[in-house]
Amino acid sequence: MQYMLYGPFLAKVIHSMYWKESMEDIWCLHILILCALRGLVHQLWSTYNNMLYLNRTRRVSQQGIDFEQIDNEWHWDNFLILQAIVAVFTYLNFPSLANLPLWDVRGLISCLILHIVISEPLFYWLHRLLHSPYLFPLYHWHHHKSIITHPFTAGHATFLEHLLLCVVVGIPTLGTAFIGYGSISVMYNYILAFDFLRCLGHSNVEIFPHSLYQHVPLLKYVIYCPTYHSIHHQEMKTNFCLFMPLYDMLGNTLNTASWHLQKEIRSRTSTDERAPDFVFLAHIVDIMSSMHAPFVFRSFSSVPFSTRLFLLPMWPSTFVVMLIMWLKSKTFLFSFYDIRGRHNQTWVVPRVGFQYFLSFAAEGINKLIEEAIVRADRLGVKVTSLAALNKNEGLNGGGTLFVNKHPNLRVRVVHGNTLTAAVILNEIPRDVNEVFLSGATSKLGRAIALYLARRRVRVLMLTQSTERFTKIQREAPVECQKYLVQATKYQAAKQCKTWIIGKWSTPREQSWAPSGTHFYQFVVPPVIPFRRDCTYGKLAAMRLPKDVTGLGTCEYTMGRGIVHACHAGGLVHLLEGWTHHEVGAIDVDQIDVVWEAALKHGLEPLYNSR
């Protein structure tokens, strides 16, 4: 709703164009365009900053940005609205500003001089003053809550600081206009350059090659770098400058270790990178959810995914990107977090859900998964867990294809289905004596049916194949086999109020469930909740332990700190130090073992009815 404050600007522009048939209020249009361009500058820097697959070796701080920092910086663009309002009052008091020429070279030179001579030292001393024992806890601590810098951190400050920044920005722009050299190009160029450099300094990715400073030594005092300002956020006693370290040198507040650290960061190679202990190999569910990525919209990726209206205009371009990725793209690093000294990463196979069901695409997908597993093995990764479609039985036998092809793998390949089954089974109340199960002959369906039969729960197994049903039934203890019942139609469950969905269910199929039915599910993507008189569970998931750090991205539709059970299953495998692969069929005897191990290590069930 804060963007409604731009409404009067837009209304005035429209009024001038259509009612007055002139552009006497074109200054309003310039303000709107500038605000949009400034927002775009910050967004593009944010996108680059979160492209871990491009810049992970050049990151100044290797820590991740967590949800708390993202929330603190949620309204990073408030300063744009404030400066737009300040610009309005400036124009109203100085109407001549509305008649500036398009270009004046003298203005660009004058603006640069005013910036270097007045704005730079003014900001430096104001910044040092804000770090004084009295003012810092009242104002500036808010900005320094962000230890890991990010382009949005630049706009994260108190109201007083934003007002002071208006003065710093206003001196070169208005000063140039008042001495008669002002122009529209000066306004645009200076303000956009100012934002660009602010984002550069708050980026957590080192941009400048150190060789540049070696060839031009004076440059290190003319323009700061991300490492330089990152040190200020970590130590807070040095490196106060706006853009020019020259003033830190003159004020004796320059951290001499800045350039050494900058050289060290720029010298890193992929071999110096810390190898992850655990990798969750995910995939794209659909085109809309592909925009739920931190390098698209960081704030959006920090909340559970849902289809939003602002995503719809981006669908065509995202579809084109999907096609390009299909033609030429490899598995890439998406996000990471740390837990108990272990570094965990999520890698994404650049394929969308529907592609997994195209027979001609199977070989290519398996090749990508295999390459990712081999790469993880080469890096020294201990456990790799496969997401839902990456372990599809028809695709690669639940991971057995890769284990059989590479018998000497040191990395443990885990499908996580044992914990997925455990999560679903532990959500079902103990007093339930009958369930309806679709996808009954799948890997998960088989394990759930056999486990429930041991609990003396009657399972209506939906399958057209009597052969496959009989095979599963014979796996159950003799005294439990009677609890497994074959069902060939959805109508067989019209009296059953507990449905476990392992296969996509249409509205007509769901209509056979009686009112009050609860749908548990392990189908990807999850079924659409058509019935308002019924309740729908989410995909099997667990909450990560509280000592997780650096986590700032939600996993698909899951809430913060919640991951799919197959992800959690791989994490348990790592924390327990198990040395076996978990691929192929689920060992029903291990369901309770894995469940207890998950609880022991602090993973929490979202719902526990047992």
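Residues numbered from 1 in each chain as written. Predicted model: local features only at pLDDT ≥ 70, side-chain atom pairs only at ≥ 80, totals over all residues. Heavy atoms only, no water.

Draft legend 1. Local environment of the pattern of salt bridges. Under the definition given, this model contains 18 salt bridges. Note that Asp71 and Arg560 form a salt bridge whose closest N and O atoms lie 2.7 Å from each other. With Asp71 in helix H4 (residues 67–72) and Arg560 in the loop between strand S13 (548–549) and strand S14 (562–564), the pair connects residues that are 489 residues apart, well separated along the chain. Overall, the relative accessible area of 37% leaves Asp71 in the partly exposed class. Asp547 is paired through a salt bridge with Arg340; the nearest N and O atoms lie 2.7 Å apart. (Salt bridge = Lys/Arg side-chain N within 4 Å of Asp/Glu carboxyl O. Helix = DSSP H or I, 4+ residues; strand = E, 2+ residues; numbered from the N terminus. Buried < 20%, exposed > 50% of the residue type's maximum accessible area, 1.4 Å probe, protein only.)

Draft legend 2. The arrangement of the UniProt feature "transmembrane region" (unreviewed entry) in the protein chain in detail. Feature annotation in UniProt assigns "transmembrane region" (unreviewed entry) to the following positions: residues 26–45, 80–100, 107–126, 162–188 and 309–327. This span, residues 26–45, is 100% helix and 0% strand, and a straight line between its end C-alpha atoms measures 29 Å. The distance separating the terminal C-alpha atoms of residues 107–126 is 26 Å; by composition the span is 100% helix and 0% strand. (UniProt positions renumbered as here; feature names shortened; annotations may be inferred.)

Draft legend 3. Quick peek at the sheet that holds strand S9 (residues 498–501). Strand order in the open sheet formed by 6 strands is S8-S7-S6-S9-S10-S11, and the pairing between neighbours is parallel. Both outer strands of the open sheet, strand S8 (484–487) and strand S11 (535–539), are each paired with one neighbouring strand and no more. Direction aside, neighbouring strands of the sheet carry axes that sit 20° apart on average. Both S9 and strand S10 (residues 518–521) contribute to a ladder of 4 bridges, which runs parallel. Within the sheet, the bridge partner assigned to Thr498 lies in S10 and is His518. Taken strand by strand, helix H21 (residues 443–454) contacts strand S6 (434–437), strand S7 (458–462), S8 and S9, and its axis lies near 160° from that of S7. (Pairing = 2+ DSSP bridges. Axes fitted to C-alpha atoms, helices over the stretch in contact; angles between N-to-C directions. Contact = heavy atoms within 4.5 Å.)

Draft legend 4. How the structure looks around the packing of aromatic side chains. This model, assessed by the stated rule, comprises 31 aromatic pairs. Their ring planes at 25° and their centres at 5.5 Å tell us that Tyr228 and Trp259 sit as a pair that is stacked. Here Tyr228, found in helix H12 (residues 226–235), pairs with Trp259, found in helix H14 (residues 258–266); they are 31 residues apart in sequence, far enough to count as distant. The exposure classification of Tyr228 matches that of Trp259, with both residues buried. Judged by centre distance (6.2 Å) and plane angle (75°), the rings of Phe295 and Phe334 are edge-to-face. You can see Phe295 sitting in the loop between strand S1 (278–284) and helix H15 (298–301) and its partner Phe334 sitting in strand S2 (residues 332–339), a full 39 residues away along the chain. Each member of the pair Phe295 and Phe334 is classed as buried. Directly above the aromatic system of Trp347 lies the positively charged group of Arg375, at a separation of 4.4 Å from the ring centroid. (Phe/Tyr/Trp six-rings, centres within 6.5 Å; stacked < 30°, edge-to-face > 60°. Lys NZ or Arg CZ within 6 Å of the ring centre and 35° of its normal.)

Draft legend 5. Examining the nonpolar core more closely. Ranked by size, the top nonpolar core spans 82 residues in total, and within it Leu419, Leu452, Leu484, Ile500 and Ile591 carry the most contacts. At 8 residues, H21 tops the list of elements feeding residues into this core. Sequence-distant contacts of Leu484, that is, excluding residues within four places in its chain, are made with Ala449, Leu450, Ala453, Val459, Met461, Phe469, Ile472, Gln473 and Ala476. Ranked by size, the runner-up nonpolar core spans 26 residues in total, among them Leu34, Phe123, Tyr188 and Cys225. (Core = buried A, V, L, I, M, F, W, Y, C linked by side-chain atoms within 4.5 Å.)

Draft legend 6. Here's a closer look at the sheet that holds strand S15 (residues 604–605). Spatially, 3 strands are ordered S14-S12-S15 in an open sheet, and the strand pairing comes out antiparallel. Looking at strand neighbours, the two that pair on one side only are S14 and S15, the edges of this open sheet. Judged from the 3 bridges that link them, strand S12 (residues 541–543) and S14 form a sheet pairing that is antiparallel. By the bridge assignment for S14, Met542 is matched with Val563. Across the sheet, helix H24 (residues 565–576) lies against S12 and S14, angled at about 95° from S14, the strand it touches most.

Draft legend 7. Seen up close, the side chain of His567. Within the element layout of this structure, His567 appears in helix H24. Using a relative accessible area of 1% as the deciding quantity, one classes His567 as buried. Separated by 3.0 Å, the side chains of His567 and Tyr337 make a polar contact. (Polar contact = N/O pair within 3.5 Å; in protein donor to acceptor, adjacent residues only side chain to side chain.)

Draft legend 8. Structural detail: the UniProt feature "domain: Very-long-chain aldehyde decarbonylase CER1-like C-terminal" (unreviewed entry) in the protein chain. Here, the residues flagged by UniProt with the feature "domain: Very-long-chain aldehyde decarbonylase CER1-like C-terminal" (unreviewed entry) are residues 435–605. End C-alpha to end C-alpha, residues 435–605 measures 21 Å, and it is 28% helix and 20% strand.

Draft legend 9. Expanded view of the state of the cysteines. Summed over the entire model, instances satisfying the criterion amount to 0 disulfides. Free cysteine: Cys35, not disulfide-bonded; nearest cysteine sulfur from Cys28 at 11 Å. Cys111 forms no disulfide, and the closest cysteine sulfur to it belongs to Cys166, at a distance of 15 Å. According to the relative accessible area criterion, Cys111 is buried, its value standing at 3%. (Disulfide = S-S within 2.5 Å.)

Draft legend 10. Main features of the environment of Ser16. Position of Ser16 relative to the elements: it lies in helix H1 (residues 7–18). Given the relative accessible area of 0%, Ser16 is considered buried. Along the chain, Ser16 and Pro137 lie 121 residues apart, while their C-alpha atoms are 46 Å from each other.

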